[in-house]
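Chain and residue survey
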Amino acid sequence: MAEGAIVLRGVAKTFRRRSEHTAALTAIDLDIPEGQFVAVIGPSGCGKSTLLRVIAGLLTPDAGTVSIAGLSSLEARRTKWFGLVPQTPALLPWRDVRGNIGLLGELNRHGGRAPGDGHLIPVDVDTLIATVGLHGFESALPHELSGGMQQRVALARAFALGAPVLLMDEPFASLDELTREEMRFLLLSIWEKRPRPAADPSTDGGRARTVLFVTHSLEEAVLLADRVLVLSARPGRIIADLAIDLPRPRVAAQADTDEFVRHTREVRAALRLGAGQ
Amino acid sequence: MTGRALRTILPPLVAFTVLLGAWELLVRAFGIAKLILPAPSAIATAITSDWGGWYRAAMVTGKEALCGFIIALAVALVLAVVATSTPALERAVLPVVTVVQLIPVVALAPALVIGLGFGPAPRILVAALITFAPLTVNAVVGLQSVEPDMAEVLRSVHASRREILLRLRLPMALPYLAAAARVCVGLALIGAMVAEWQGSSEGLGYTFTRAQRSLATERMWAAVFVLAFMGVVGLTAIGLLERRLLRWRPTRLRT
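A few points on the structure. Because the structure is a prediction, the values reported are computed rather than measured.

Let's talk about the side chain of B:Thr84
Residues and elements named next belong to chain B. Tracing the sequence through the fold places threonine 84 in the loop between α3 (51-83) and α4 (87-102). Judged by its relative accessible area of 15%, threonine 84 falls in the buried class. Of the polar contacts made by the side chain of threonine 84, one reaches the backbone oxygen of alanine 80; its length is 2.8 Å. A distance of 3.2 Å separates a polar atom in the side chain of threonine 84 from the backbone oxygen of valine 81. Setting aside chain neighbours within four positions, we find threonine 84 in contact with Val140, Leu143, Gln144 and Arg169.

In structure tokens, the structure reads:
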């Protein structure tokens, strides 16, 4: 593929509220190849979420360009290129599990592309419900589910469209430690099922799913990602771009290996630098 | 009747019986004159001796109140959607709503009769004006009660403004509208009845003023009781609607 899955050039974003100007992002250059799992980490308020929203076109950058597989953010949204998982599950309380997972398919009906047109094949909702472990809860309403189960629904909703790019904004931050760990491996298992760039291009339209995962947890970043981007304190710049070459599929036991520890140490050092310590 | 329904109905039933019983006893024991305070039994007789008349009067006032409420609801929804579309419009609309809320609408009724004639129009307008402000304010708050994350998920697939309004914002506003409707049942009925005091020839308000002229206090009280009963019917209807439409709310949030 000639164009990267996500390409940013000189992206900057400043928030203006009355006379107050807050520079959130500055001079962001980024190339994410198709199929890569990228974690973004940085101190609080460094613009991690802003970066994700600029890529999704939910915020317009003040400078620079964003290209999603050669498309603008707007075109990418129009063709349902993104699967967004926000910090809260953000489920519609009047829709049951199945209804929430199917929601995005019902919206913007004319905008989506056919599977052969660059999309992954939309996943069958029932298969997806089983994959995220919600079999038997198809008709449950959100308030009847635990926080972890709600976040499973949010994850399934993002995967349901077969979107080539997943944008995740600290999706597991509000969960308890055990549930969080469970969710990390659930995410990896769904993502790793997708063909990597080297795999047979005849499956799933030949595309691999690219993930941009915002987090404030070092361990989470190293455990999940192929690559960790470290942002500096505001205004956010990319101050480190670290490859994580741990073998896949990732397992919980890897967290105890010297390799893992070395990577977390590396990321921690970059974070300290970025926070100005 | 199931045990649960009985447990719901029995306590208020006992409370009302005790209250009315005490009232009846008080009037009889102290020989209170009918002109000062008629006994509940006298009020009841006033109602039961003319079921048809009360029913017709109640339907007139009820229709006015309902029409006024429906008009107010429609205007409130349109206005709230407009007001929440941009901050500038919100700043324009909300002060107007607040001023309307402060107008003593009931006092305006005689002026409206001059302008709109002796038909039901001025009464419907009073019922609409009196319920319009709470409905609009709650609709605005409800439409804005959407979590930003929810809106972003919808926008991430380029959902249109219309889709976001119909699929997300209006359903989110429903509980707020239901709460406003509960307040408005009483307001609309009171507005319609009081507006009937002037220049009308039918309805509970007319019955009330006619009874006043002949010093028939038990009929005046009867009119008030019939109006209160209509309020109970209205609240029950809203409760049933809520149970159907707001099934998705956690039970502890239901009223």
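There's plenty left to go through after this.
Looking at the sheet that holds strand β2 (residues 20-32) of chain A
By definition, the strands of a sheet pair up through backbone hydrogen bonds, in either a parallel or an antiparallel sense. Residue and element names in this part refer to chain A. One open sheet holds the three strands; their spatial order is β2-β1-β4, and the pairing between them is antiparallel. Sheet topology places β2 and β4 (63-67) at the edges, where each strand pairs with a single neighbour. Strand-to-strand twist of the sheet, defined as the mean angle between neighbouring strand axes without regard to direction, takes the value 25°. When strand β1 (residues 6-17) meets β2, the two strands line up antiparallel, connected through nine bridges. Each bridged residue has a counterpart across the sheet, and for valine 11 the counterpart in β2 is isoleucine 28. The strands that helix α1 (residues 48-56) touches are β1, β2 and β4; relative to β1, the one it contacts most, it runs at about 115°.

A short note on the nonpolar core
If you look at the biggest cluster of nonpolar residues, it comprises 51 residues, and the most contacted ones within it are A:Ile6, A:Leu8, A:Ile55, A:Ile68, A:Leu167 and B:Leu168. Per element, the largest residue contribution to this core is five residues, and it comes from α1(A). Discounting residues that sit within four places of it in the chain, A:Ile68 has contacts with A:Ala5, A:Ile6, A:Ile55, A:Ser73, A:Ala76, A:Trp81, A:Phe82 and A:Val165.

Let's talk about the packing of aromatic side chains
Centre-to-centre distance and the angle between the planes together describe a pair of aromatic rings. Throughout the structure, instances matching the rule amount to eight aromatic pairs over all chains. For the ring pair A:Trp94 and B:Trp248, a centre distance of 5.1 Å and an interplane angle of 65° mean the geometry is edge-to-face. Pair noted here: A:Trp94 is in the loop between β5 (82-85) and α3 (97-106) and B:Trp248 is in the segment after α10 (217-245), and the two residues belong to different chains. Neither residue differs from the other here; A:Trp94 and B:Trp248 are each classed as buried. Both rings, one in B:Trp197 and one in B:Phe208, keep their centres 5.6 Å apart while their planes meet at 10°; by these two values the pair is stacked. Separated by eleven residues along the polypeptide, B:Trp197 in the loop between α8 (161-195) and α9 (204-213) and B:Phe208 in helix α9 bring together distant segments of the chain.

What counts as what
Starting from 1, residues in each chain are numbered consecutively following that chain's sequence as written. The naming scheme follows written order: chains are lettered A onward, ligands numbered 1 onward. At least 70 in pLDDT is required for a residue's local features to be given in this predicted model, at least 80 for side-chain atom pairs to be given and counted, and no such filter applies to totals for whole chains, interfaces and linings, which use all residues. Values reported for side chains reflect all heavy atoms of the structure, with hydrogen atoms and water molecules removed beforehand. Counting from the N terminus, the helices are the DSSP runs of H or I reaching at least four residues and the strands are the DSSP runs of E reaching at least two. When a residue's accessible area, from a 1.4 Å probe over protein chains only, is under 20% of the maximum for its type it is buried; when over 50% it is exposed; and in between it is partly exposed. Any N or O atom pair separated by 3.5 Å or less is treated as a polar contact, with the protein-specific requirement of one donor-capable and one acceptor-capable atom, and with residues adjacent in sequence counted only for side-chain atom pairs. When checking whether two residues touch, look at their non-hydrogen atoms; a contact exists if any pair is within 4.5 Å. What makes two strands pair is DSSP finding at least two bridges between them. As a rule, the C-alpha atoms of each element are fitted with a line to give its axis, helices using only the stretch in contact, and angles between N-to-C directions run from 0 to 180 degrees. Nine residue types can take part in a nonpolar core, namely buried Ala, Val, Leu, Ile, Met, Phe, Trp, Tyr and Cys, and a core is a set of them joined through side-chain atoms within 4.5 Å. Working definition: rings of Phe, Tyr and Trp (its six-membered ring) pair if their centres are within 6.5 Å, and the pair is stacked with planes under 30 degrees apart, edge-to-face with planes over 60 apart, and tilted otherwise.

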